[in-house]
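A structural walkthrough
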Amino acid sequence: MKNYNVAVVGANGAVGEEVLRILEEIDFPLNKLVPLASSRSSGKKIDFNAKELTILELTNDIFEQEGIEIAIFSAGGSVSAEFAPAAVKAGAVVIDNTSHFRMQEDVPLVVPEVNPEDIAKWRESGIIANPNCSTIQMIQALKPLDDAYDLVRVDVATYQATSGAGKSAMEELVNQMQAFFAFKLDEAEVKAFNQQIALNVIPQIDMFLENGFTKEEMKMVNETTKIMHKEIALSATCVRVPVLRGHSEALTLTFDSAVSADEAREILSQAPNIIVVDNPSQALYPMPKDCVDKNETYVGRIREDVYANNILHMFVVADNLRVGAATNAVRIAQKWVEMEN
């Protein structure tokens, strides 16, 4: 198999660092790795596979200069908008972790466990988009159950960690908690979020739209339709919680036919990259603390509705920096390599 020249844009960010860690952990056909970031970070050193690499400045010319064939972008939508076209022009496939290209018609939006066949459409734009973190873990659980029972509606409440807003947001939670124990919480900085996050939950992620939902909530609606190639009625309430890492979701799923919780557990236990943790009598259920640094999505609290035989409820947890971003991006790259070979 051919080895590839891979660039990681935003190599020193929260998601970029996870991409590097995952590439170290797996047997990826890597010829050389090129870490890229803004001029502020260029020249800094990072460790990769027991070697010291220098972060290079992200420019429009760097992709051609370095012979990049796969470019994984994790540095924000404006960066992707500006530099992804240059990577494509240089002949690279771009795997973009931002929201910038997700809903463009000629850009496939991919969760490899759900719609790997869409990767083949990459040549239309040169870009493959990574879905929103909360969408990825949810849709991994939806797909096998949709295949079995025909899903018609999803109601979801998310409990999203501060890491979903970047390193500075995680630091803000830590700083506020330190201030709380020093009896100075009222003096702590509130900057990453529009409300205090320590000892609080914020029922807003991203800006509100005219329909009363936030952009984050509508991302889940629109991305689910695009990825699953079917209209599924979906309502989301996205909430930021004082957790450093790991998103949780409470799902209510309505199907076209009667469902069985026991059967659903069996179906999910056979699904790729899903781990069922569901023994309430032993206090076993998915929790954020147990998913950190894991590449799987955890599902539990699977139960039938009290009133309707076509409704299931469940709790889904995953590491948002891995499953919700870096792991999915690397899995897309792996599938792309398989298809190209």
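In what follows, the accompanying structure is described. The model shown is predicted, which means the values in this text are computed figures rather than measured ones.

**Regarding the sheet that holds strand β10 (residues 233-240)**
Spatially, the six strands line up as an open sheet ordered β10-β9-β11-β14-β13-β12, and their pairing is mixed. One side of each edge strand has no neighbouring strand; the edge strands of this open sheet are β10 and β12 (274-276). Mean inter-strand twist for the sheet, computed between neighbouring axes without regard to direction, equals 20 degrees. Here eight bridges tie strand β9 (residues 151-160) to β10, and the two strands are oriented parallel to one another. In the strand pairing of β10, Ala157 is matched with Thr237. Packed onto the sheet, helix α4 (residues 133-149) meets β9, β10, β11 (247-255), β12, β13 (297-304) and β14 (311-318) and runs at close to 25 degrees relative to β11.

**Considering the nonpolar core**
If you look at the biggest cluster of nonpolar residues, it comprises 60 residues, and the most contacted ones within it are Phe63, Phe73, Val154, Leu251, Leu253 and Met314. Residue contributions to this core peak at seven residues, all from α4. Other than its neighbours up to four places away in sequence, Met314 contacts Leu145, Glu249, Ala250, Leu251, Leu253, Leu268, Val299, Gly300, Arg301, Ile302 and Arg303. Counting residues in each nonpolar core, the second largest holds 34 residues, with Val15, Val19, Leu20 and Ile119 among its members.

**Side note on the environment of His313**
Mapping His313 onto the fold places it in strand β14. According to the relative accessible area criterion, His313 is buried, its value standing at 16%. Along the sequence, His313 and Gln65 sit 248 residues apart, while their C-alpha atoms lie 51 Å from each other. Within the structure, the side chain of His313 is placed 2.9 Å from the side chain of Thr252, a separation counted as a polar contact.

**A word on the sheet that holds strand β8 (residues 127-129)**
Each strand in a sheet pairs with its neighbour through backbone hydrogen bonds, running either in the same direction (parallel) or in the opposite one (antiparallel). In spatial order, the strands read β5-β2-β1-β6-β7-β8; together these six strands make up an open sheet with parallel pairing. Of all strands in the sheet, those bounded by a partner on one side alone are β5 (56-57) and β8. Sheet topology note: the strand β1 (residues 4-9)/strand β2 (residues 30-37) ladder contains six bridges and is parallel. Paired with Tyr4 across the bridge in β2 is Leu30. Across the face of the sheet, helix α1 (residues 14-25) comes into contact with β1, β2 and β6 (70-73) while running at roughly 155 degrees to β1.

What counts, and at which threshold
- Residues numbered from 1 in each chain as written.
- Predicted model: local features only at pLDDT ≥ 70, side-chain atom pairs only at ≥ 80, totals over all residues.
- Heavy atoms only, no water.
- Pairing = 2+ DSSP bridges.
- Helix = DSSP H or I, 4+ residues; strand = E, 2+ residues; numbered from the N terminus.
- Axes fitted to C-alpha atoms, helices over the stretch in contact; angles between N-to-C directions.
- Contact = heavy atoms within 4.5 Å.
- Core = buried A, V, L, I, M, F, W, Y, C linked by side-chain atoms within 4.5 Å.
- Buried < 20%, exposed > 50% of the residue type's maximum accessible area, 1.4 Å probe, protein only.
- Polar contact = N/O pair within 3.5 Å; in protein donor to acceptor, adjacent residues only side chain to side chain.

Function-wise, these values are silent; they only describe arrangement.
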